[in-house]
Amino acid sequence: MSDDQKEREEKTTGEDNSEASRASRREFFSHMAVMGAGAVGAATVLPGCDRNGNGEERRQAQVDYPADHVGPGELDRYYGFWSGGQSGEIRIFGVPSMREIMRVPVFNRDAATGWGATDYSKKLLGGRTTGDTHHVHLSYTDGTYDGRYVYVNDKGCARLARVDIETMEVDRITDIPHSQGTHGIFPQRHKTGLVLCNSEYCTPIPNDGRELDEPEKYAALHTAIDGETMEVEWQVMVEANMDLCATDYEGKYSFATCYNSDKGVTVPEMQASDMDHAYVFNLEAIQRAVDAGDTITLGDSDVPVVDARGEDSEYVIRVPVPKSPHGINVDPTGKYAVAAGKLSPTVTVIAIDKLADAFAGNIEPRDCVVAEPEVGLGPLHTAFDGRGHGYTSIFIDSVVTKWDIEKAIEQYQNGDDSIDPIIDKVDVHYNVGHVNASLSETKDADGQWLVALCKFSKDRFLNVGLLHPENDQLIDISGSKMELIHDGPTYPEPHDCVVFPRELIEPVKVQPRTIDRFRMYEEWAQEDGVDLFRANKVIRKGEDFVRVYMTSVAPSFGLTDFRVKAGDTVQIVLTNLDDVEDLAHGMCVANHDVNFLVNPKDTQSQTFRAEKPGVYWYYCPWFCHALHLEMRGRMIVEA
Ligand code: CUK
Ligand code: CUA
């Protein structure tokens, strides 16, 4: 504690908080903890020992805390980025504490921050207010996370969004032409290159009403978006649906599972055949076709499209996989793509180095399969520990199965049933969807933690009514046996997550005003001849449109009141001059449905109509100061 802080604390509490007096109190509290916590607390804490370190450190530390223990004031070793499913957002977790630290609104309307109501977020969202985020991935360089961007899909409205990690704000949203149910996405891993996105639904293309009732003619698109510009680069049209997506580590291939090769439109039709397939896209061949103009365009979109429907070609091959496969994951060595059977109790291991031969026609696509171990009923997704093991989530059995990749290959190659690749199974609660392990999707997978995102919590938490939370479980995978460590309720419905060491990202704490949003505000300021950091004035922009520039410094707004006319459209542009970390203010206008956040050194705006004459208080909704309640002013609406 600095002298400064000490002085402040003494002032506010009137107590002696010197080190000497606090030491005795700390002793008292640790004594209490031992009494209360039994075995867990009955340890002497070695100063400086890292209880959340890697498995070895944890085992060596003579501390009997549970492995996930992150004490008050301690930081997690890992970040987790969770998708938020129907909530349309991203959530940031700490691992191993499994504390939800923050939410990042993406496709949703978020009342706390004003996302979806502020002028810029509305523009990005194009008037939409819902989303369905399933897959979050960070941008890569050289096979591991480079700390720059987070990409996330919207299955609901066929979009890809990008979060700028520096500011933790969405900076781009791209609409994907002719796509429905944009589901699996995956960035390339050799560099920040393309982000590949699968249409899960087949539709008429173009979907303009001319063709409706001939599902056999429907098609789906594998779309490549440039991870830097977020422009759609090209699309490949295939004949059947695509579910999950993966990329290799070299930039040569991308993968998509197809669970409905029958092109059914009812549930029985969709699961009719015993074999479906994984599409493998040859990115170099596709790029050659695009460069050569060997493409078509669809409807009103000018994106070049490679038509690869029907037969295997230089662009795409179909590796047969039983039955209605769901997840597809590439292991950290980059050697294998593992497709999970969903309706088959197997996972199918595809050797990536054999694909070139299959594309050349020297071998059949199915010859690229090198293993197909039985892992349980309803396999969905596979994570890796970097030590040669796969961890597959098994939905129907509610378990995670740990298996040995090389042993599975040996078993398949020798047709030898005495070889058992299954190492361990652990019960999860219940009906697990995705699993993901620390750095599992990178070449640096470290085999420490596995997160199991369970779809049903049943009786694991207090009863809260009709809708129960999901259950996100933490499993220690540092030893040979998996160990379930933690249950955590989450708001519906995370589908996937990525977990990585905290050193890999470094968000800023005061707005650097670098993202596109500020260009919009600077244009306005220039147009109106004002300086955003000084302006506190009302500018009438037209017959019934006024722009109100305002600043804030705790605990006051730059304007104690402003006047508009009934019927005016009012745009409040608020710049927060405070530059103290986390000293947020905001703007809430009484009875006008206006409420937004403005972070330190940030500018935000919202537009609304002032319908009725009268006096309306506006106030700061973020607790910012002892005089926070006094941080308000009057909007006076003249008749
Ligand atoms: S999906 Cu939900 S559990 Cu959208 Cu990745 Cu498999
Ligand atoms: Cu500013 Cu409360």
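On a predicted model such as this, the values are computed, not experimentally measured, just so you know.

A. Quick look at the overall build of the protein chain. Looking only at helices and strands, one finds nine helices and 39 strands in the protein chain. Put simply, the protein chain has 639 residues, and 56% of those count as buried. Taking as baseline every contact in the protein chain between residues at least 6 positions apart, the subset at least 24 positions apart corresponds to 58%. Carbon and sulfur atoms make up 50% of the accessible area of the protein chain, which amounts to about 27500 Å² in all.

B. Structural context of the environment of A340. Along the chain, the position of A340 falls in strand β18 (residues 336–340). Sequence-wise, A340 and V321 are 19 residues apart; in three dimensions their C-alpha atoms are separated by 8.7 Å.

C. Quick peek at the packing of aromatic side chains. All told, the structure shown has 13 aromatic pairs when counted by the stated rule. Relative to Y618, the ring of F557 lies with its centre 5.5 Å away and its plane at 65°, an arrangement referred to as edge-to-face. With F557 in strand β32 (residues 556–557) and Y618 in strand β38 (residues 614–619), the pair connects residues that are 61 residues apart, well separated along the chain. Residue class for F557 comes out buried when judged on its relative accessible area of 6%. The ring centre of Y430 lies 4.3 Å from the NZ or CZ of K458, which sits over that ring. The ring of W524 has R547 sitting right over it, with the charged end atom 4.2 Å from the ring centre.

D. Expanded view of the sheet that holds strand β29 (residues 497–501). As summarised here, the arrangement of the four strands in space is β3-β2-β1-β29, forming an open sheet in which the pairing is antiparallel. Across the chains shown, the open sheet's two edge strands, defined by having one partner strand only, are β3 (99–104) and β29. If you compare each strand with its neighbour and ignore which way they point, the axes differ by 25° on average. Bridge count between strand β2 (residues 90–95) and β3: five bridges; the pairing is antiparallel. Its bridge partner being in β3, I92 is matched across the sheet by M102.

E. Fine view of the nonpolar core. By size, the foremost hydrophobic cluster in this structure holds 64 residues, and its most contacted members are F81, I90, W234, Y279 and F281. When neighbours within four sequence positions are excluded, F81 is seen to be in contact with I90, R91, I92, V136, V150, M168, D496, C497, V498, F500 and I505. V548, V598, A610 and M635 belong to the second-largest nonpolar core, a separate cluster that totals 26 residues.

F. The side chain of S478, seen in detail. Turning to its location among the elements, S478 is positioned in the loop between β27 (470–476) and β28 (483–490). Among the polar contacts made by the side chain of S478, one reaches the side chain of D476 at a distance of 2.6 Å.

G. Inspection of the confidence of the model for the protein chain at higher detail. Summary statistics for the protein chain give a mean pLDDT of 91 and a share of 90% for residues scoring 70 or more. Note on residues 1–55: pLDDT is under 50 here. Beyond four places in sequence and across chains, it has 53 contacts.

H. Focus on the site of ligand 1. The local shell around ligand 1 consists of H134, H135, H183, L244, H326, H381, G433, H434, K455 and H495. Broken down by class, the residue content of the shell around ligand 1 amounts to one nonpolar, eight polar and one charged.

I. Representation of the environment of D528 within the structure. Along the polypeptide, D528 turns up in helix α9 (residues 517–528). Judged by its relative accessible area of 14%, D528 falls in the buried class. In this structure the C-alpha to C-alpha distance between D528 and K541, which are 13 residues apart in sequence, comes to 8.9 Å. When near neighbours in sequence (up to four residues on either side) are disregarded, D528 contacts I539, K541, R547 and Y549.

J. Seen up close, the state of the cysteines. This model, assessed by the stated rule, comprises zero disulfides. C245 forms no disulfide, and the closest cysteine sulfur to it belongs to C197, at a distance of 7.2 Å.

Reading guide: rules and limits
- Residues numbered from 1 in each chain as written.
- Chains lettered and ligands numbered in written order.
- Predicted model: local features only at pLDDT ≥ 70, side-chain atom pairs only at ≥ 80, totals over all residues.
- Heavy atoms only, no water.
- Helix = DSSP H or I, 4+ residues; strand = E, 2+ residues; numbered from the N terminus.
- Buried < 20%, exposed > 50% of the residue type's maximum accessible area, 1.4 Å probe, protein only.
- Contact = heavy atoms within 4.5 Å.
- Areas by Shrake-Rupley, 256 points an atom, 1.4 Å probe, with all protein chains shown as cover.
- Phe/Tyr/Trp six-rings, centres within 6.5 Å; stacked < 30°, edge-to-face > 60°.
- Lys NZ or Arg CZ within 6 Å of the ring centre and 35° of its normal.
- Pairing = 2+ DSSP bridges.
- Axes fitted to C-alpha atoms, helices over the stretch in contact; angles between N-to-C directions.
- Core = buried A, V, L, I, M, F, W, Y, C linked by side-chain atoms within 4.5 Å.
- Polar contact = N/O pair within 3.5 Å; in protein donor to acceptor, adjacent residues only side chain to side chain.
- pLDDT = per-residue confidence, 0-100.
- Near = heavy atom within 4 Å.
- Nonpolar A, V, L, I, M, F, W, Y, C, P; charged D, E, K, R; others polar.
- Disulfide = S-S within 2.5 Å.

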